[in-house]
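So the chains spell out like this:
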Amino acid sequence: MKLVFFDIECACVHKTYAKICAFGYVVCDEQFNILEKEDILINPKGRFELTNRKGEKGINLPYDYDEFKNHPPFPKVYNRIKELLEDKEACVFGHAVLNDVKYLNLETRRFKLPSFNFRFADSQILFMALINDFSRQFGLESISGKLGVEFTPHRAADDAYATMRIVEAMCREKNCDYSELLNLLGVSFGKIENYTISRPQSKGMRAFNKEKREKRMARSRARVEFFNNVSRKKLKKGGKFYGKTFTFARPLENNIEISIPLVNQIYEQGGRYSSQLDDCRYYVCLDGDDGVRTQSARARSGIEVLTLDKLQELLK
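No experiment lies behind these values; they were computed from the predicted model shown. (Residues numbered from 1 in each chain as written. Predicted model: local features only at pLDDT ≥ 70, side-chain atom pairs only at ≥ 80, totals over all residues. Heavy atoms only, no water.)

J.: What should I look at first to understand the nonpolar core in this one?
T.: Most often, soluble globular proteins keep nonpolar side chains buried together rather than apart. Phe5 and Phe93 are the most contacted members of the largest nonpolar core, which has 34 residues in total. Secondary structure elements with two or more residues in this core: strand E1 (2-13), strand E2 (18-28), strand E4 (90-94), helix H3 (123-131), helix H4 (140-147), helix H5 (156-174) and helix H6 (178-184). Per-element accounting of this core gives the leading share, seven residues, to H5. Contact partners of Phe5, with chain neighbours within four places excluded, come to Gly24, Tyr25, Val26, Cys28, Phe32, Phe93, Ala160, Thr163, Met164 and Val167. Ala18, Leu85, Val101 and Phe116 belong to the second-largest nonpolar core, a separate cluster that totals 30 residues. (Core = buried A, V, L, I, M, F, W, Y, C linked by side-chain atoms within 4.5 Å. Buried < 20%, exposed > 50% of the residue type's maximum accessible area, 1.4 Å probe, protein only. Helix = DSSP H or I, 4+ residues; strand = E, 2+ residues; numbered from the N terminus. Contact = heavy atoms within 4.5 Å.)

Here it is, written out as structure tokens:
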């Protein structure tokens, strides 16, 4: 079995098209001995939309952009790429590979070419499963720095090489081959067929996403209950907080075991509640809250920021 690692760079990417300008790949055996490594440069048949004149937007590719005009367009290299990725004796890997597969899909549609048909694994998902952290994405440069892999970022063949070395390092850490690594970390392949793409996954990521969905739904239910309670409140004339409006930080609003009784006490003492910072006199947050909303409240004149303990003290 051969291992094929690939990476793609594009001149520009939009929802309906991705103009590929470089397809880099590394082919190795199961012991990660390199058999082939190449950058296939492609005329994107369109302008580059990566940076402005000051180089302040997007990325800079480590190529001479004029060089791409001297290379064939995607249809001319399509069969070569297709043969490489659809080799039945190869296992295909990429890093954040779903994006690259989408680029291939968009280019085949743009040039009215048959769909690619192959399975693929993702080194990023493997690494996330290895360290059991699915809270953020891990780029090639970040992982390579930790593993001591040197390469030139955004040169497609070098990105493919770095992807190979990352998988090799994980196999070495777990003392296993690539197929055992996939099984050990509970990682499944993605697939492209008939222009339809299924994403690679892992058991850990599915569990993480399920927990995240459940927490999001719980927050949503809590917010509905909180604001339903607020909507039923009637203003009382007089009282310690008559004419004063309170606003809570989002984490406090969502903790309805605390927030609903507090709102009830505020209305009992003549105050009212609003979700808008512009309306409030008192903004209440939990200790250590340094969110954007809390920072905005602190920066405004006329708003007194209270901790939960201070509010409870005032309500007594």
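On we go.
J.: I'm lost on the packing of aromatic side chains in this one. Help?
T.: What the rule picks out here adds up to 23 aromatic pairs. Seen from their ring centres, Phe6 and Phe23 are 5.5 Å apart, and the 15° between their planes marks the pair as stacked. One end of the pair, Phe6, is in strand E1; the other, Phe23, is in strand E2, and 17 residues separate them in sequence. Here Phe6 and Phe23 have matching classes, each one buried. Here Phe116 and Phe118 contribute two aromatic rings whose centre-to-centre distance is 6.3 Å and whose plane-to-plane angle is 90°, an arrangement assigned as edge-to-face. With respect to burial, Phe116 and Phe118 carry one shared label: buried. Through successive ring pairs, a cluster of aromatic residues spans Phe6, Phe23, Tyr25, Phe74, Tyr78, Phe111, Phe116, Phe118 and Phe120. The ring centre of Tyr63 lies 5.1 Å from the NZ or CZ of Arg155, which sits over that ring. (Phe/Tyr/Trp six-rings, centres within 6.5 Å; stacked < 30°, edge-to-face > 60°. Lys NZ or Arg CZ within 6 Å of the ring centre and 35° of its normal.)

J.: Even after reading the chapter, I still don't get the sheet that holds strand E10 (residues 245-248), so can you show me in this structure?
T.: Note: strands within a sheet are paired through backbone hydrogen bonds, in either parallel or antiparallel orientation. On the basis of which strands lie adjacent, the open sheet formed by four strands has the order E11-E10-E12-E13 and parallel pairing. Looking at which strands have only one partner, the edges of the open sheet turn out to be strand E11 (272-273) and strand E13 (304-307). The sheet contact formed by E10 and E11 spans two bridges and is parallel. Pairing of Phe246 across the sheet is with Tyr273, part of E11. Strand contacts of helix H10 (residues 292-299): E10, strand E12 (282-285) and E13, with the helix running at about 145° to E12, the strand carrying the most contacts. (Pairing = 2+ DSSP bridges. Axes fitted to C-alpha atoms, helices over the stretch in contact; angles between N-to-C directions.)

J.: Looking at this model, I keep getting lost on the pattern of salt bridges. Mind explaining?
T.: Applying the stated criterion across every chain yields a total of 15 salt bridges. The shortest N-O distance in the salt bridge between Asp66 and Lys69 comes to 3.9 Å. Here Asp66 matches Lys69 in class, with each residue exposed. We note a salt bridge from Arg172 to Glu168, for which the minimum N-O separation is 4.0 Å. One end of the pair, Arg172, and the other, Glu168, are both in helix H5, four residues apart, so they sit about a helical turn from each other. Glu168 gets classed as buried once you look at its relative accessible area, which sits at 19%. Overlapping salt bridges, with partners in common, bring together Arg165, Glu168 and Arg172 in one network. (Salt bridge = Lys/Arg side-chain N within 4 Å of Asp/Glu carboxyl O.)

J.: How should the side chain of Asp158 be read in this particular structure?
T.: Secondary-structure assignment places Asp158 in helix H5. Setting aside its immediate chain neighbours within four residues, Asp158 contacts Lys37, Phe151 and Thr152.

J.: Is there a simple way to think about a positive patch on the surface in this case?
T.: A surface patch of like charges, here positive, comprises Lys210, Lys212, Arg213, Arg216 and Arg219. The topology assignment puts Lys212 in helix H7 (residues 203-231). Given the relative accessible area of 41%, Lys212 is considered partly exposed. (Patch = residues over 30% accessible without salt bridge, like charges linked within 9 Å, V, L, I, M, F, W, Y side chains within 5 Å. Areas by Shrake-Rupley, 256 points an atom, 1.4 Å probe, with all protein chains shown as cover. Lys, Arg positive; Asp, Glu negative; His and termini not counted. Charge placed at Lys NZ, Arg CZ, Asp CG, Glu CD.)

J.: When you look at helix H11 (residues 308-315) in this model, what are you seeing that I'm missing?
T.: A turn of α-helix holds 3.6 residues, and therefore any two residues three or four places apart point the same way. Within the sequence span of H11, burial applies to Leu308, Leu311 and Leu315. All buried residues of H11 lie within an arc of 60° about the axis, which places them on one face of the element. Among the exposed residues of H11, those pointing more than 90 degrees away from its buried face are Asp309 and Glu313. Against E10, helix H8 (250-254), helix H9 (256-268), E12 and E13 lie the buried residues of H11. (Arc of directions from axis to C-beta.)

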